[in-house]
Structures are given as structure tokens and as C-alpha cells.
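Summary of the model geometry
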Amino acid sequence: ETGVTQSPTHLIKTRGQQVTLRCSSQSGHNTVSWYQQALGQGPQFIFQYYREEENGRGNFPPRFSGLQFPNYSSELNVNALELDDSALYLCASSPKREQETQYFGPGTRLLVL
Amino acid sequence: DQQVKQNSPSLSVQEGRISILNCDYTNSMFDYFLWYKKYPAEGPTFLISISSIKDKNEDGRFTVFLNKSAKHLSLHIVPSQPGDSAVYFCAASAFNFGNEKLTFGTGTRLTIIP
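Not measured: the values here are computed from a predicted model.

What counts, and at which threshold
Residues numbered from 1 in each chain as written. Chains lettered and ligands numbered in written order. Predicted model: local features only at pLDDT ≥ 70, side-chain atom pairs only at ≥ 80, totals over all residues. Heavy atoms only, no water. Helix = DSSP H or I, 4+ residues; strand = E, 2+ residues; numbered from the N terminus. Rg over C-alpha atoms; globule rule 2.2 N^0.38 Å. Buried < 20%, exposed > 50% of the residue type's maximum accessible area, 1.4 Å probe, protein only. Contact = heavy atoms within 4.5 Å. Lys, Arg positive; Asp, Glu negative; His and termini not counted. Charge placed at Lys NZ, Arg CZ, Asp CG, Glu CD. Disulfide = S-S within 2.5 Å. Pairing = 2+ DSSP bridges. Buried area = accessible area lost by both parts, 1.4 Å probe. Salt bridge = Lys/Arg side-chain N within 4 Å of Asp/Glu carboxyl O. Polar contact = N/O pair within 3.5 Å; in protein donor to acceptor, adjacent residues only side chain to side chain. Nonpolar A, V, L, I, M, F, W, Y, C, P; charged D, E, K, R; others polar. Core = buried A, V, L, I, M, F, W, Y, C linked by side-chain atoms within 4.5 Å.

What about the overall build of chain A?
Scanning chain A from N- to C-terminus turns up zero helices and 11 strands. Reading the helices (α) and strands (β) of chain A from amino to carboxyl end gives β-β-β-β-β-β-β-β-β-β-β. Taken over the C-alpha trace, chain A has a radius of gyration of 13 Å; the compact-globule value for 113 residues is 13 Å, and the two agree within 12%. Dimensions of chain A, computed from C-alpha atoms along their principal axes, come out at roughly 40 × 25 × 25 Å. Among the 113 residues that make up chain A, the fraction classed as buried is 50%. Residue pairs in contact within chain A that sit at least 24 positions apart in sequence constitute 54% of those at least 6 positions apart. Charge centroids of chain A, computed over 9 positive and 10 negative side chains, lie 4 Å from each other.

Some points on the state of the cysteines
If you walk through the whole model with that rule in mind, you get two disulfides over all chains. Across the disulfide from Cys23 of chain A sits Cys91 of chain A; the S-S distance is 1.8 Å. Torsion about the S-S bond of the Cys23 of chain A and Cys91 of chain A cystine: about -60°, corresponding to left-handed handedness. Of this pair, Cys23 of chain A sits in strand S3 (residues 19-24) while Cys91 of chain A sits in strand S9 (residues 87-94), and the two are 68 residues apart along the sequence. The same class applies to Cys23 of chain A and to Cys91 of chain A, which are both buried. A disulfide bridge connects Cys23 of chain B with Cys90 of chain B, and the sulfur atoms are separated by 2.0 Å. Looking along the S-S bond of the Cys23 of chain B-Cys90 of chain B disulfide, the torsion reads about -70°, which is the left-handed sense. Residue Cys23 of chain B is found in strand S3 (residues 19-25), and its partner Cys90 of chain B is found in strand S9 (residues 86-93); the two are separated by 67 residues along the sequence.

Quick look at the pairing of strand S5 (residues 45-51) of chain B
Residue and element names in this part refer to chain B. Note: strand S4 (residues 32-38) against S5, six bridges, orientation antiparallel. Pairing of Tyr32 across the sheet is with Ser51, part of S5. Counted along the chain from S4 to the antiparallel partner S5, the turn is six residues long, and its residue Ala41 has a positive phi close to 65°.

As for the interface of chain A and chain B
Contact residues are listed per partner, giving 22 residues for chain A and 21 residues for chain B. A buried area of about 1700 Å², summed over both sides, lies between chain A and chain B, and 60% of it is on carbon and sulfur atoms. The tally of links between chain A and chain B comes to zero salt bridges. For the pair chain A and chain B, the number of links is three residue pairs in polar contact (both at pLDDT 80 or more). Classifying every residue of the side of chain A that touches chain B gives eight nonpolar, 11 polar and three charged.

Quick word on the nonpolar core
By size, the foremost hydrophobic cluster in this structure holds 24 residues, and its most contacted members are Phe33, Trp35, Leu73, Leu75 and Tyr88 of chain B. Those elements that place two or more of their residues in this core are S3, S4, S5, strand S7 (62-67), strand S8 (72-77), S9 and strand S11 (108-113) of chain B. The element that contributes the greatest number of residues to this core is S9 of chain B, accounting for four residues. With residues up to four places along the chain from it excluded, the contact list for Phe33 of chain B reads Tyr25, Ile48, Ser49, Ile50, Ser52, Leu66, Leu73, Ala91 and Ala92 of chain B. Judged by nonpolar contacts, the second largest core, of 19 residues, contains Val32, Phe60, Leu110 and Val112 of chain A.

Okay, structure coming up:
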């Protein structure tokens, strides 16, 4: 059984640019959540997708957007990057929306200069 | 407002002894609690969870205790091993939020001393 994978592992962008991060959920999992982890902090919930629909959003501006595809893989898009967007972005999947245990990928570390 | 708090940023424990990591929460709507372990350059790894209908859950060397009246949970690791050295995150969720977002604490760095 393949776990959650994310790409790329590292990324450097400049302020104002746009970025797309990708996530493949664990086999059989139809729910994907994205989290941002700043240095020294715990992961912060960005949003969740269930069967290709957004199913809840945290306190992040609209320039953070996402997609989930029919195979349950997902993308996180961030427009107009700001320096404070520098963080580890984590994707987590779970077998169904009511399953509270989420399984995380290794993350994508984004640096905005 | 930090709804899940881990007040000890770090903890050092001798190998073979018990490690106790603590977590407090403020939102009484939380009904499911989890502990994750994180090594550098890796994503969080699920360790153990507990539903609010229980006060204890055990899995091998790991036991989680929940005290709902105090809004407090703890993770016990016995015996502690060098491979347990990592950052531990406490997380909570509430089914009736409509989604399963996890709210995390800021983590406790556990160091096991050989």
C-alpha cells in the first residue's frame, strides 16, 4: 500500500509569484487535507477536499486555492506569494470524511524570497 | 487563540524511563484526540488516538490518557527508546465541525538520553 506522496520536496519562489503543490493520497482514501507548518509551530489547517468538493476551510485568504481530482489526488495553489508563505506544506489523507485519523505525506518546503 | 496547547517545548528523558508529554485544550467541542510524531524532513506520523468517550487507550509502549473535566490529555511512552527522540504533536478534532480538520499544538521536542 503506497502512502501519501507530495511533490516537489523543495521549492524556491520570489514574492508575487504563483506556486502549485501536488499530493497523491494513500490508496483508498477519498479525503485530502492541506496544512501549513511555519517554523516552530504546529500544522495549521488550510482546507479539506472530499470527492472533489471543498469541505471546510481554515483562516487562509482566497489566494490559497485547491483542487481534488477524480483519482483523489490534489493540488494546492498559492497566488501572489508573500514572504510569510515560506513554510512546510503538508498534505494528509483519510479513508473517508468521518475518519478522524489523517495520514500525512512528507511535505513540500516552500521558501519565498 | 491557541485551542490546543503544549506548554513544554522540550523534554529530556533517560533511556528506559517513562516519557510523559502533556497537552491541554480549550474547546469543549473537541471529541477526538491524536498524537503524531515528527522527525526532521518528514511528515507527521500517526501514533495513537482517543475518542472522548474513553479515558485511556493503549498501544504497545504508548498510552494516551484523557481527562475531559480538566481538558487535558497526556501521552506516556514506556520504556523510552532512543528512536523515540522526535517532536510530538497533540491534535484534536470535532466531528460536528462538518469536516475533520485537525487543530494542532505547537509540539514538544522529546530527547531520549542513552
